[in-house]
Amino acid sequence: MNVIEYLKDNIVYLDGGMGTLLQAEGLQPGEYPEMWNITHPDVVKKIHLDYFNAGSNIVNTNTFGANILKFTRDELEDIISAAISNAKTALEKSPCAQKKFISLDIGPLGKLLKPFGDLDFEDAVSVFAETVKTGVKYGVDLITIETMNDSYETKAALLAARENSDLPVFVTNAYGEDGKLTTGASPEAMVALLEGMGADAIGLNCSLGPKQMKGIAEKLISFASVPVILKPNAGLPRIVEGKTVFDVLPEEFSDDIAEMVKGGVRVVGGCCGTTPEYIKKVVEKTRDISPAPVTEKNITCVSSYTNAVIFGDSPILIGERINPTGKKRFKQALAENDIGYILEEGQKQEERGVHILDVNVGSPDIDEVSMLKNVVYELQAVTSLPLQIDTSDYAAMENAMRIYNGKPMVNSVSGKEECMHKIFPLIKKYGGLVVALTLDDSGIPQTAEERYAIAEKIVKVASEYGIQKKDIIIDPLAMTISTDPMSALATLKSIKLITEKLGCNTSLGVSNVSFGLPMRDSINSTFFATALETGLSAAIMNPYSADMLKVYYSFKALHGLDRNCSEYLAFAETCDLTASVSSVVKKTSAQHSDVTLYGAITKGRRDLSSELTKKLLLDNKPLDIVNSHIIPALDSVGVGFENKKIYLPQLLMSAEAAQFAFEEIKKYMRENKSDEQKKCTIVLATVKGDIHDIGKNIVKLLLENYGFDVHDLGKDVPPENILAEVVKHHAPIAALSALMTTTVPAMEDTINILKENAPWCKTVVGGAVLNQECADRIGADKYAKDALETVRFAETVNSEIK
């Protein structure tokens, strides 16, 4: 019986913490826990054995940080083979009768992926693939991908697992107290991505204690159609006599877990601070609870890297303007590789209220494969909207789907046999909501019944590939009434049949209905209203059309989908309801050349910030540009970040746009021999033993944008080196980062040596394993929950120096 079969009828028990137990056995700050598979195998075997004897069904190998960024290939193979051997020995020695499995444990790489970081997506896939292939070679029962705080890295790891093994894959993410990943993904967005790519069980681990995880777990249970995993920390960490301990004891921990098992969680274990005693208590208190059934939720959705868009509850608007058809300026942008124009078109549509952006770059004058991939990549850097990948080129479709961060909408498949057998494998592999056109090798049928039959056939063939009906949205095709006066009625009848009999959501390219007629917007909006009343789920439409938006907001208000008519009232206040579509489009087109530096930075437009800064330098002093344009823009984005209105990726793109502006200013000042005014010096480092530098690099980027003189010492930095740099520059601030609980003592050592030898230097600390209590206990002057709080602290210290 494999683990998936066992999971169908049983609660599955995982193991608990590893790093804190190794630390208790003598693991030193700076030592790699994975090396203990080779240097201290008896210790690792005993920990595994204790977990099996406590009742664990699944024990993770001690390979959380085992990857080729950290070790050579030979070292990696030795570590993984030893880790698996240690776990197998423990399994064989355990006298307990429960079903037992060994999972290859894979943790994050410690780097942020492009475009927000410096690691390429395919490089990340390759790194994870090496670990997966080695684990498969030495024999494990499943793969566990855990503690991921970025959706894109999660996708890279899952893709590597799927491409290099046929093993079951469990995936858990590390959510913050706000219920989102560091890079902004909601639980719903992660379910959409992970279920779409075929994860066998999904959930959350680390960062939080069981009580803090409850709300997130409930969201996952309500949204997911696969088993949900829960692996909390033993509460919050604190330092006692140089050791990291946690404040939730086994009794309380197991009570909380038992409550959530009753609520539907099916796979349970522990993370940082938990021990075999915790798992034993969990097993005792849940063994008699009947496993809650895992139910199919039948939710049709797509996602970006932050949020999911759900079909069926309310009409969905898909912006149609990123498409060269009938758009001379857009064709020119494609021919000239003017990505900036395309990005601005996307952002403008987002401002007009669309939920999804259609992306079509098909033009005879370009390489569609590379262009579509590039446009999707760049758009996802500046908008949080999900995208509809719109192409008939199979290679272009696959390339774009592969690098897409989330679960995309894919336009399209049809009833043609060749098309179905090429598209469905892509949907199955990468995940996606596929648009199904009701046409086949015989063309587009005239009657609704014939279109319904094609839709039914597409759904049937899709099921043969393991694609469910919820991941298909039917487009019954709007045809122009100028050549067939009855075509609109056939389309409307098709919507009704497909919705009521087939149970699928529907989508239409609305504007096709008026092709060849004057006053097209009038026809389009009336048809749109009728289609919505018939049950249409989504429309590809022109968001600059006032008439179309009038219909949309009016329909929602009239159907009880707009509480207190708030959306309708907001629309009425901000829009010129008398404007024609042509005037709106002309106005919007004019705005493409009317973006300020402030706007370029707040929208993360790196492509514009350099050019606009150069223009400003013709008539403005460098310091005036910094104080009047760049800093206000960064402050505005910062407020949005602190208020959870924007998330880390948008913050980083704005910071990079500001960096481009600063580089132009620095260049100008060098050429004109102007003195560069810097704020105080800050020494920045990830402490000894910790190789994760995502948080540190984010802090560096923001501090430099605010004018601080940052000395970045990198990662895994000994306390003595940090002290030497502080003393050398008489730095008033040392900013320290740690991600792993095992490296908190090294952070405390660094703070102590600074207090003793550089008493003028204030320390600010941050990282996923820290909180205010922990920071107080290790003697830090400031705990910063995020990068912006570090900036605020630095500004305060800098003002005190002056």
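Rules behind the numbers
- Counting starts from 1 at the beginning of each chain's written sequence and moves along it residue by residue.
- Owing to the predicted nature of the model, reporting of local features is limited to residues with pLDDT of at least 70; listing and counting of side-chain atom pairs is limited to 80 or more, with chain, interface and lining totals taken over all residues.
- Side-chain calculation: all heavy atoms of the structure are included, whereas hydrogens and water are not.
- Helix numbering and strand numbering both begin at the N terminus, where a helix is a DSSP run of H or I of at least 4 residues and a strand a DSSP run of E of at least 2.
- Here the radius of gyration uses the C-alpha set of atoms, whereas the globule reference equals 2.2 Å times the residue count to the power 0.38.
- Think of it in three bands: with a 1.4 Å probe and only protein chains considered, a residue is buried below 20% of the maximum accessible area for its type, exposed above 50%, and partly exposed in between.
- Here, two residues are considered to be in contact whenever any of their heavy atoms come within 4.5 Å of each other.
- A 1.4 Å probe and the Shrake-Rupley method give the accessible areas. Residues count as covered only by the protein chains that appear here.
- Charge convention: Lys and Arg are scored as positive, Asp and Glu as negative, and His as well as the terminal groups of each chain are ignored.
- For the purpose of locating charges, the reference atoms are NZ of Lys, CZ of Arg, CG of Asp and CD of Glu.
- For Phe, Tyr and Trp, where Trp contributes only its six-membered ring, two rings pair if their centres lie within 6.5 Å, and the inter-plane angle classes them as stacked under 30 degrees, edge-to-face over 60, or tilted in between.
- Only Lys NZ and Arg CZ are tested; either one counts as a charge over a ring when it is within 6 Å of the ring centre and within 35 degrees of the ring normal.
- Strands qualify as paired when DSSP identifies two bridges or more between them.
- Axis lines are fitted to C-alpha atoms, over the contacting stretch for helices. Their N-to-C directions set the angle, which ranges from 0 to 180 degrees.
- Just to be clear on terms, a salt bridge is a Lys or Arg side-chain nitrogen sitting within 4 Å of an Asp or Glu carboxyl oxygen.
- By the criterion applied in these results, polar contacts are pairs of N or O atoms within 3.5 Å in which, for protein atoms, one can donate a hydrogen and the other can accept it, and in which residues neighboring in sequence qualify only through two side-chain atoms.
- Note on terminology: disulfide denotes any pair of cysteine sulfur atoms within 2.5 Å.
- Between 65 and 115 degrees an angle is taken as roughly perpendicular, under 35 as roughly parallel, over 145 as roughly antiparallel, and anywhere else as oblique.
- A crossing counts as left-handed when the near helix is turned anticlockwise from the far one by less than a right angle, and as right-handed when that turn is clockwise.
- Note on residue categories: nonpolar means Ala, Val, Leu, Ile, Met, Phe, Trp, Tyr, Cys or Pro, charged means Asp, Glu, Lys or Arg, and polar means any other residue, Gly included.

Undergrad: I'd like a rundown of the overall build of the chain, residues and numbers included.
TA: When you go through the chain residue by residue, the secondary structure sums to 31 helices and 25 strands. Taking 802 residues into account, the globule formula puts the C-alpha radius of gyration at 28 Å, and the chain, at 28 Å, falls close to it. Taking the principal axes of the C-alpha coordinates as reference, the chain spans close to 80 × 75 × 50 Å. The proportion of buried residues among the 802 residues of the chain is 61%. A sequence separation of at least 24 residues applies to 76% of the contacts in the chain between residues at least 6 apart. Roughly 31,000 Å² of accessible area belongs to the chain as shown, and the carbon and sulfur atoms make up 50% of that amount. In the chain, 83 positive and 108 negative side-chain charges are present, and the distance between their average locations comes to 1 Å.

Undergrad: Please provide a residue-by-residue account of the packing of aromatic side chains, values included.
TA: Enumeration over the complete set of coordinates arrives at eight aromatic pairs. Ring geometry for Tyr 552 versus Tyr 553: centroids 4.9 Å apart, planes at 75°, classification edge-to-face. Accessibility classification places Tyr 552 together with Tyr 553 in one group, the buried group. One aromatic cluster in this structure is built from Tyr 552, Tyr 553 and Phe 571. When the ring centre of Tyr 341 is taken as reference, the NZ or CZ atom of Arg 329 above it lies at 4.1 Å. Above the face of the Tyr 452 ring, Lys 501 is positioned so that its terminal group lies 4.9 Å from the ring centre.

Undergrad: Please provide a residue-by-residue account of the pairing of strand β20 (residues 538-541), values included.
TA: Every second residue of β20 is oriented toward a common face, with Ala 538 and Ile 540 on one face and Ala 539 and Met 541 on the other, all of them buried. Across four bridges, strand β13 (residues 316-322) lies against β20 in parallel orientation. Note that in β20 the partner of Ile 318 across the bridge is Ile 540. Across three bridges, the pairing between strand β19 (residues 505-509) and β20 is parallel. In the sheet register, Gly 509 faces β20, and the bridge partner there is Ile 540.

Undergrad: Please provide a residue-by-residue account of the sheet that holds β13, values included.
TA: Pairing in this closed barrel of eight strands is parallel, and the strands run β13-β14-β15-β16-β17-β18-β19-β20 around the ring. Strand-to-strand twist across the sheet, computed as the mean angle between neighbouring axes with direction ignored, equals 30°. By the bridge criterion, five bridges tie strand β16 (residues 409-414) to strand β17 (residues 433-437) in an arrangement that is parallel. In the sheet register, Asn 411 faces β17, and the bridge partner there is Val 435. Packing of helix α13 (residues 339-351) onto the sheet brings it into contact with β13 and β14 (356-359), and relative to β13 it is tilted by some 155°. Those strands touched by helix α16 (residues 417-430) are β16 and β17, and its axis lies near 155° from that of β16.

Undergrad: Outline the side chain of Asp 521, listing residues and values.
TA: Examined against the element boundaries, Asp 521 turns out to sit in helix α19 (residues 520-534). One buried charged residue, Asp 521, forms no salt bridge at all, with the nearest opposite charge on Lys 550 at 8.1 Å. Looking at Asp 521, its side chain comes within polar contact range of the side chain of Ser 545, at 2.7 Å.

Undergrad: Help me get a handle on the state of the cysteines, residues and values and all.
TA: Using the criterion set out here, one finds zero disulfides in the structure. The closest cysteine sulfur to the non-disulfide-bonded Cys 272 is located on Cys 206, 3.8 Å from its own sulfur. According to the relative accessible area criterion, Cys 272 is buried, its value standing at 15%.

Undergrad: Describe in detail the packing of helix α24 (residues 606-617) against helix α25 (residues 622-642), supporting the description with residues and values.
TA: As a packed pair, α24 and α25 sit with axes 10 Å apart at the nearest point and diverge in direction by 130°. As summarised for this structure, α24 and α25 are arranged oblique, according to the angle between their axes. Considering only the axes of α24 and α25, their crossing is right-handed. Contacts between α24 and α25 involve Thr 613, Leu 616 and Leu 617 on the former and, on the latter, Pro 622, Ile 625 and His 629. By residue class, the composition of the contact of α24 with α25 is four nonpolar, two polar and no charged.

Undergrad: Describe the packing of α13 against helix α14 (residues 368-382), with residues and values.
TA: Working note: a packed helix pair is described by the angle between its axes plus the distance between those axes. In contact at an axis separation of 10 Å, α13 and α14 are set at 50° when each is read in the N-to-C sense. By the criterion of interaxial angle, the relationship of α13 to α14 is oblique. When you trace α13 past α14, the crossing you get is right-handed. Two secondary-structure elements touch here, α13 through Ile 339, Ile 342, Leu 343, Gly 346, Gln 347 and Glu 350 and α14 through Met 371, Asn 374, Val 375, Glu 378, Leu 379 and Val 382. Its residues assigned to classes, the contact of α13 with α14 comprises seven nonpolar, three polar and two charged.

Undergrad: For the pattern of salt bridges, give the residues involved together with the corresponding values.
TA: Tallied over the entire structure, the rule returns 42 salt bridges. Among the salt bridges present, the one from Arg 73 reaches Glu 130, with a minimum N-O distance of 3.7 Å. With a gap of 57 residues between them, Arg 73 in helix α5 (residues 73-93) and Glu 130 in helix α6 (residues 121-138) connect regions that are remote in the sequence. What makes Arg 73 exposed here is its relative accessible area of 52%.

Undergrad: Outline the sheet that holds strand β7 (residues 228-231), listing residues and values.
TA: The strands making up a sheet associate through backbone hydrogen bonding, with each pair oriented either parallel or antiparallel. Taken in spatial order, the eight strands make up an open sheet running β1-β10-β7-β6-β5-β4-β3-β2, and their pairing is parallel. Because the sheet does not close on itself, it has two edges, and the strands there are β1 (12-13) and β2 (58-60). Alignment of strand β5 (residues 169-173) against strand β6 (residues 201-205), held across four bridges, turns out to be parallel. By the bridge assignment, Val 171 is partnered in β6 with Ile 202. Seen against the sheet, helix α7 (residues 151-164) touches β4 (142-148) and β5 and runs at an angle of roughly 170° to β4.

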